[in-house]
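# Summary of the model geometry
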Amino acid sequence: MSGERRDRVRPGAGTVLRMADPPLALIEFPADDADRARRFWSGLLDVALEPRGPDEGEGWQTHAGDPAIGVHDRGRGPGDSFSLPYFEVDDLTVALERVQALGGTVIHPGEPWAICRDSEGSPFGLAARGG
């Protein structure tokens, strides 16, 4: 990161994600065989993976405990290739601007969630708090 960019974006300046909050909202696992993946994750973590509601997208996820664990059929979209942690943010628009200012990339902007890559290319998701 250039010195100029580092000067403009200081830790804590207009923070949209606070580590004091439980920031990890969801860990999403794409699967070639969703039934097999559901058996694996529910068996390993001793959790129930239930069908998602209409506002939660496709697939299954836990509805108790933090963070939520999700499984969905693997596809060709930006969130379908890798396991992704989703972090909750207060303001998604501001968070996406911060990602870019810090040298990251917004792969799929959207509401109420977006998929990004950090400055080193690692994918992650952002989810609007309460979205």
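Residues numbered from 1 in each chain as written. Predicted model: local features only at pLDDT ≥ 70, side-chain atom pairs only at ≥ 80, totals over all residues. Heavy atoms only, no water.

### Concerning the overall build of the protein
Inclusion rule: What counts as a helix is a DSSP run of H or I of at least four residues, what counts as a strand is a run of E of at least two, and both are numbered from the N terminus. Burial status follows relative accessibility: with a 1.4 Å probe on protein chains alone, a residue under 20% of its type maximum counts as buried, one over 50% as exposed, and anything between as partly exposed. Pairs of residues are marked as contacts when any of their non-hydrogen atoms sit within 4.5 Å. Areas reported here follow the Shrake-Rupley algorithm with a probe of radius 1.4 Å; residue values treat only the protein chains shown as occluding.
Each helix and strand in the protein was counted, giving three helices and eight strands. In the protein, the order of α-helices and β-strands from amino to carboxyl end is α-β-α-β-β-β-β-α-β-β-β. Counting all 131 residues of the protein, 31% fall into the buried class. Intrachain contacts of the protein at a sequence separation of at least 6 include 55% that bridge at least 24 residues. Carbon and sulfur atoms make up 52% of the accessible area of the protein, which totals about 7,900 Å².

### Quick look at the sheet that holds strand β8 (residues 123-128)
Threshold: Strands qualify as paired when DSSP identifies two bridges or more between them. Think of each axis as a best-fit line through the C-alpha atoms, taken over the contacting stretch in the case of a helix, with angles from 0 to 180 degrees between the N-to-C directions.
Spatial ordering of the open sheet is given by β2-β3-β4-β1-β5-β8-β7-β6, a layout of eight strands whose pairing is mixed. A single partner strand is all that each edge strand has here, and the edge strands are β2 (50-51) and β6 (105-108). The pairing of strand β1 (residues 24-31) with strand β5 (residues 84-89) spans four bridges and is classified as antiparallel. By the bridge assignment, Ile 27 is partnered in β5 with Pro 85. The strands touched by helix α2 (residues 34-45) within the sheet are β1, β3 (60-61) and β4 (68-73), with β4 carrying the most contacts at an inclination of about 165 degrees.

### What about the nonpolar core?
Operational definition: Note on terminology: a nonpolar core comprises buried Ala, Val, Leu, Ile, Met, Phe, Trp, Tyr and Cys residues joined through side-chain atoms within 4.5 Å.
Listed in full, the eleven residues of the largest apolar core are Val 89, Leu 92, Ala 95, Leu 96, Val 99, Val 106, Ala 114, Cys 116, Phe 124, Leu 126 and Ala 128. Elements supplying a minimum of two residues to this core: α3 (92-101), β7 (113-117) and β8. Per-element accounting of this core gives the leading share, four residues, to α3. Contacts of Leu 92, omitting those with residues within four sequence positions, involve Gly 110, Glu 111, Pro 112, Trp 113, Ala 114, Leu 126 and Ala 128. Counting nine residues, the second-largest nonpolar core is a separate cluster that includes Phe 29, Ala 34, Trp 41 and Leu 49.

### Details of the side chain of Arg 52
If you trace the backbone, Arg 52 turns up in the loop between β2 and β3. Classification of Arg 52 by relative accessible area gives buried; the value is 13%.

### Thoughts on the pairing of β4
Summarising burial for β4: five of the six residues are buried, a large majority. By the bridge criterion, six bridges tie β1 to β4 in an arrangement that is parallel. When the sheet's bridge partners are listed, Glu 28 is paired in β4 with Gly 70. Both β3 and β4 contribute to a ladder of two bridges, which runs antiparallel. Across the sheet, residue Trp 60 finds its bridge partner in β4, namely Val 71. If you look at the hairpin formed by β3 and β4, you'll find six residues sitting between the two strands, and Gly 65 has a positive phi there, around 85 degrees.

### Considering α3
Since the α-helix turns once every 3.6 residues, residues separated by three or four places project in the same direction. Short version of the rule: Taking the helix axis as origin, the arc is that swept by the directions to the C-beta atoms. In protein, a polar contact requires one atom able to donate a hydrogen and another able to accept it; more generally it is a pair of N or O atoms within 3.5 Å, and residues adjacent in sequence count only if both atoms are side-chain atoms.
Listed as buried for α3 are Leu 92, Ala 95, Leu 96 and Val 99. Buried residues of α3 fall within an arc of 100 degrees about the axis and therefore sit on the same side. Elements in contact with the buried residues of α3: β5, β6, β7 and β8. The backbone nitrogen of Thr 93 has a side-chain oxygen 3.1 Å away, supplied by the residue at the start of α3, namely Asp 91. Trailing α3 by a residue or two, Gly 103 shows a phi angle of about 95 degrees, which is positive.

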